[in-house]
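Working through the structure, step by step
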Amino acid sequence: MTSFGSQTFLLEAWNGGGNSPVVHQSKPSCGSRPPVVAAYCRENGIGPGGGGCRVRFRMRGRRSEVLVGVEKATGLRATGKGSSFEGEGGIGDDIVAGGYVDVDSAQATVNKRKKVLAMQQDLIQQIVERRKQISYLESRAAEADQDINYYLKDRRNISFNPSPSHLVTNGKYNVCTVSEGSVPSTESKMSESRNSPMKTGESDDSLQSERLSPNPLGLAKDTDLDTTNPVEPIFLVKEPERSVKDENAENQTEAKFDSVDPEADTDPEEENMDDPPLAGVNVMNVIVVAAECAPWSKTGGLGDVAGALPKALARRGHRVMVVVPRYGNYAEPKDTGTCFIQLLSYFGVQDMEVSYFHSYIDGVDFVFVDHPVFQHQENNIYGGNRPDILKRMILFCKAAVEVPWHVPCGGVCYGDGNLAFIANDWHTALLPVYLKAYYRDKGLMKYARSVLVIHNIAHQGRGPVEDFFHLDLPEKYMDLFTLYDPIGGDHFNIFAAGLKTADRVVTVSHGYAWELKTSQGGWGLHGIINDSDWKFRGIVNGIDIKDWNPELDAALQKELGLPVRRNVPVIGFIGRLDHQKGVDLIAEAMPWMVAQDVQLVMLGTGRPDLEEMLRKFERENHDKVRGWVGFSVKMAHRITAGADILLMPSRFEPCGLNQLYAMKYGTVPVVHAVGGLRDTVVPFDPFKETGYGWTFERAESGMLVHALGNCLNTYWNHKKSWEGLRTRGMTQDLSWDNAAKHYEEVLVAAKYQW
Ligand SMILES: Nc1ncnc2c1ncn2[C@@H]1O[C@H](COP(=O)(O)OP(=O)(O)O[C@H]2O[C@H](CO)[C@@H](O)[C@H](O)[C@H]2O)[C@@H](O)[C@H]1O
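Residues numbered from 1 in each chain as written. Predicted model: local features only at pLDDT ≥ 70, side-chain atom pairs only at ≥ 80, totals over all residues. Heavy atoms only, no water.

Inclusion rule: UniProt positions are given in the numbering used here, feature names are shortened, and annotations may be inferred rather than shown by experiment.
In the annotation of an unreviewed UniProt entry, the entry for the protein chain reads starch synthase, and the organism field reads Musa acuminata AAA Group. The UniProt entry for the protein chain carries the following comment under Sequence similarities (unreviewed entry): "Belongs to the glycosyltransferase 1 family. Bacterial/plant glycogen synthase subfamily." UniProt, in the comment section headed Catalytic activity (unreviewed entry), describes the protein chain in these words: "[(1->4)-alpha-D-glucosyl](n) + ADP-alpha-D-glucose = [(1->4)-alpha-D-glucosyl](n+1) + ADP + H(+)".

Okay, structure coming up:
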């Protein structure tokens, strides 16, 4: 559906099978949408009058019809051009569920509804099967309980995961992890796991299948690494020392293969499902809207968050949906059939029809918005010229705000009761505005709330003020978007409007929350953020401990049989190659680094000059440095697992996920003390033997060298302290469960805010 703006429409109504309209009036729309048309008709006695009735209205030259009411009991039906609506339900139902209906497409709508009915029957069948799975798994878990407890007790001192159990306690479906270069295909695996609960451990990508089949043949599948030439190793990997980390990996992996039935192997996070819904009375309907979502689409940390936070919220008992563009022809999500709408775009004044694809994975409804403008953009999500990006984001946000009415997840739409949207970054900051303008300011969706999460304030969706006229919003909303810039004067700013309009604002760490309020850290939006202080909060991201699992990656590293060197610290860097990530500081420190007995492995993609710099590092220091230019999730895992030290000299870092992944893997971080890095990397104190890594106070190469020097000294000369650092890092609770609890508090606060 779309807003009809401030146009008038011609209203004509026929009762029963009469030939002339009983009403023929021109009405101002008042921003009317079909449900309001329906309400108007009912209030003014235009309508069933004991029989079915069509109401026609003309809008922008298009003739449309809505069915105001057909009463099954009387058997009356509307007549006229188009199809019969016999038996469609009570007054207004048709309108609310389907939006306005073009006469010529009425029959198609009826047919699609039939499909929905069939789909609902199918879903009911699936629910029955799933219940069977749950009871089966519960009985299985009870049997395994004794063995697993013994296994954990035996390894308590070297446990990777502070969570006490590995039991499957319900019938959740397995998450799928991406293997780069191909679209993740979980469809067959999903259905496999639905029909065959004991195969949940097998339903991931090649990483998991390699884990379950530790077979050298698996190496042939890996096209990322050339492991056949020991003389010219592509990737430097240090020989695993007999450390706590490695023993853990080995012991736990062996334990999995030897003493635990791999089919009974489960996700440590699933333990929480034993309990009744943790959210209790605060259970809500939550719709997370993001421009990317791992494993389907990912350019950075936002993709990780959109893939993992929703599952943690679902584990707390919330009904959770993720809405993301459909960039590729993903196998598993299915077209929901009836769920398409028409969106009017002012770009060329064209109707744009989107479809919704749906998939239910790990307790979360993943909904993919399909339209040609999104297709094949997975490697160019934020690319293209400004009008193109704007067009994509406008269309996506308009489609997302309609999702609660159009996608019958599990047979039932989310609706607007007890509902909160979570929008992310400027790309979806229009959503709170559309929710307000199209619905709440009109007294509709009164109970729906919006939360906007800031992952990176550096990108704001700025443009000339005229961009506002592309948004399909009444002029009174223009002020929300207009921001004065001391250099450029007034400009258009999407993030600004989102921040002002959202009911709550979250950012991804406490440190960054503080920085955003300063003129240096707020990138021009600090004024708005300070004004919104009452609704603003920092919540540190978690990590997906199923996707980032040291057991899995350490085992992989070993299985690959990569060339190894003893007692040489491997320093890793993973990240976007841009100003934010401070790669140039590494460049300045390079002469000092290559003079040490270390190896350096860098993975990144971004600015062409910095990409070239990585290649140059490798060319000039081939015995010590590898610069991998590209985006490879598998390689990111391997570096995190294989490195001893992770370098993050970011100039600013809202949260940072790589340092969290590193600590989970026993890889010690050396970071610039900024934003989330300051929050999460407590500096090592050699006297108290506390802390997780090294930090430096200013983004300067000299300070980086100083911190790294201290780190290397500890690595070489204080082995016990080194092991302590790694163990403390590994045994932290970095899971999303913690963060999800805080998000819930924010959602509840929004819910009770009027
Ligand atoms: N070349 C490459 N190949 C494969 N994987 C790569 C890669 N380059 C980066 N990655 C992966 O992308 C993710 C990047 O995470 P960051 O936390 O650095 O996020 P980013 O800066 O993109 O996002 C913003 O959002 C996140 C989430 O809130 C914040 O943590 C962060 O501070 C903020 O800047 C990690 O999973 C990393 O492994």
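1. Quick notes on the sheet that holds strand β15 (residues 482–485)
Cut-off, in case you're wondering: At least two DSSP bridges between two strands are required for those strands to pair. Here a helix means four or more residues in a row that DSSP labels H or I, a strand means two or more in a row labelled E, and each is numbered from the N terminus. Two residues form a contact once any of their heavy atoms are found within 4.5 Å. The axes used here are C-alpha line fits, helices contributing only the stretch in contact, and every angle between their N-to-C directions lies in the interval 0 to 180 degrees.
Sheet architecture is open: three strands sit in the order β14-β16-β15, paired in antiparallel fashion. If you trace the sheet from one side to the other, it starts and ends with β14 (462–463) and β15, each paired once. Lying on the sheet, helix α13 (residues 494–501) is in contact with β15 and β16 (489–493); it crosses β16 at an angle near 70°.

2. Points about the environment of Gln-659
Applicable threshold: Residue exposure (1.4 Å probe, protein chains only): buried if accessible area is under 20% of the type maximum, exposed if over 50%, otherwise partly exposed. We define a polar contact as two N or O atoms separated by no more than 3.5 Å, with the added condition that, inside protein, one atom must be a possible hydrogen donor and the other a possible acceptor, whereas residues neighbouring each other in sequence contribute only through side-chain atom pairs.
Looking at the element boundaries, Gln-659 is found in helix α20 (residues 658–664). We classify Gln-659 as buried; its relative accessible area is 0%. Taking the C-alpha atoms as reference points, Gln-659 and Val-681, separated by 22 residues in sequence, lie 7.7 Å from one another. Other than its neighbours up to four places away in sequence, Gln-659 contacts Leu-646, Met-648, Pro-669, Gly-676, Leu-677, Thr-680 and Val-681. A polar contact of 2.8 Å, which involves the side chain of Gln-659, links it to the backbone oxygen of Gly-656. Reaching out from Gln-659, the side chain makes a polar contact with the side chain of Thr-680 at a distance of 3.0 Å.

3. Describing helix α24 (residues 736–751)
Filter applied, for reference: By this rule, a helix spans an expected 1.5 Å times one less than how many residues it contains.
Helix length check: α24 (16 residues) gives 22 Å between terminal C-alpha atoms against 22 Å at 1.5 Å per residue, within 8%. Every buried residue of α24 is accounted for by Trp-736, Asp-737, Ala-739, Ala-740, Tyr-743, Glu-744, Val-746, Leu-747, Val-748, Ala-750 and Lys-751. Considering only its buried residues, α24 is in contact with β7 (285–289), α8 (301–315), β12 (419–424), β13 (448–454), β17 (504–507) and β18 (536–538).

4. A short note on the site of the ligand
Condition: Being near a molecule or strand, for a residue, comes down to having at least one heavy atom within 4 Å of it. Method for areas: the Shrake-Rupley scheme with a 1.4 Å probe, in which residue coverage is limited to the protein chains shown. When residues are grouped by polarity, Ala, Val, Leu, Ile, Met, Phe, Trp, Tyr, Cys and Pro land in nonpolar, Asp, Glu, Lys and Arg in charged, and all others, Gly among them, in polar. Residue ranges assigned to the domains are those given by an automatic or database domain assignment.
The environment of the ligand is formed by 29 residues, the closest being Asp-304, His-455, Arg-576, Lys-581 and Glu-653. A distance of 2.9 Å is found between an oxygen atom of the ligand and a side-chain nitrogen or oxygen belonging to Asn-541. In the environment of the ligand, an oxygen atom lies 2.8 Å from a nitrogen or oxygen atom belonging to the backbone of Gly-656. If the ligand stood free it would expose 710 Å²; the protein chains cover 97% of that surface. Contributions of two or more residues to the shell around the ligand are made by α8, β20 (570–577), β21 (599–606), α19 (633–642) and α20. Partitioned by chemical class, the residues of the shell around the ligand number twelve nonpolar, twelve polar and five charged. In this structure, the shell around the ligand is formed jointly by two domains, domain 1 (293–538) and domain 2 (555–734), each of which donates at least three residues.

5. A word on the confidence of the model for the protein chain
Basically, it comes down to this: pLDDT measures how confident the predictor is about each residue, on a scale from 0 to 100.
For the protein chain, the mean per-residue pLDDT works out to 73, and 62% of the residues sit at or above 70. The model gives residues 1–9 a pLDDT under 50, and that stretch makes 52 contacts with residues more than four places away or in other chains. Here residues 28–38 is a poorly scored stretch, pLDDT under 50, and it has 37 contacts once near neighbours within four places are set aside; other chains count. Scoring the predicted complex yields pTM 0.67 and, for the interface, ipTM 0.98.

6. Looking at unusual backbone geometry
Following Ala-294, the chain continues to Pro-295 via a peptide bond in cis, the omega torsion being 10°. As for its placement among the helices and strands, Pro-295 is situated in the loop between β7 and α8. Its identity is not glycine, yet His-376 carries a phi of approximately 60°, on the positive side. Relative to the helices and strands, His-376 is located in the loop between β11 (364–370) and α9 (386–401). On the basis of relative accessibility, which here comes to 58%, the residue His-376 falls in the exposed class. A positive phi angle is found at Met-445, which is not glycine, with a value near 45°. Along the chain, Met-445 falls in the loop between α11 (430–439) and β13.

7. Observations concerning the packing of helix α17 (residues 583–594) against helix α18 (residues 608–620)
Packed helix pairs are specified by the crossing angle of their axes together with the interaxial distance, meaning the distance between the axes. Here is the rule: When an angle is under 35 degrees it counts as roughly parallel; over 145 it counts as roughly antiparallel; between 65 and 115 it counts as roughly perpendicular; any other value is oblique. Rotating anticlockwise by less than a right angle from the far helix to the near helix defines a left-handed crossing, while the corresponding clockwise rotation defines a right-handed one.
Where α17 contacts α18, the axes come no closer than 11 Å and their chain directions differ by 30°. When the axes of α17 and α18 are compared, the pair comes out roughly parallel. Relative to α18, α17 is oriented so that their crossing is left-handed. For the pair formed by α17 and α18, the contact residues are Val-583, Ala-587 and Met-590 on the first element and Leu-610, Met-613, Leu-614 and Phe-617 on the second. A per-class count over the contact of α17 with α18 returns seven nonpolar, no polar and no charged.

8. Comments concerning α17
With twelve residues, α17 ought to run about 16 Å at 1.5 Å a step, and its terminal C-alpha atoms sit 16 Å apart, in line with that. In this structure, the buried side of α17 is in contact with β20, β21, α18, β22 (625–629), β23 (645–648) and α22 (701–717).

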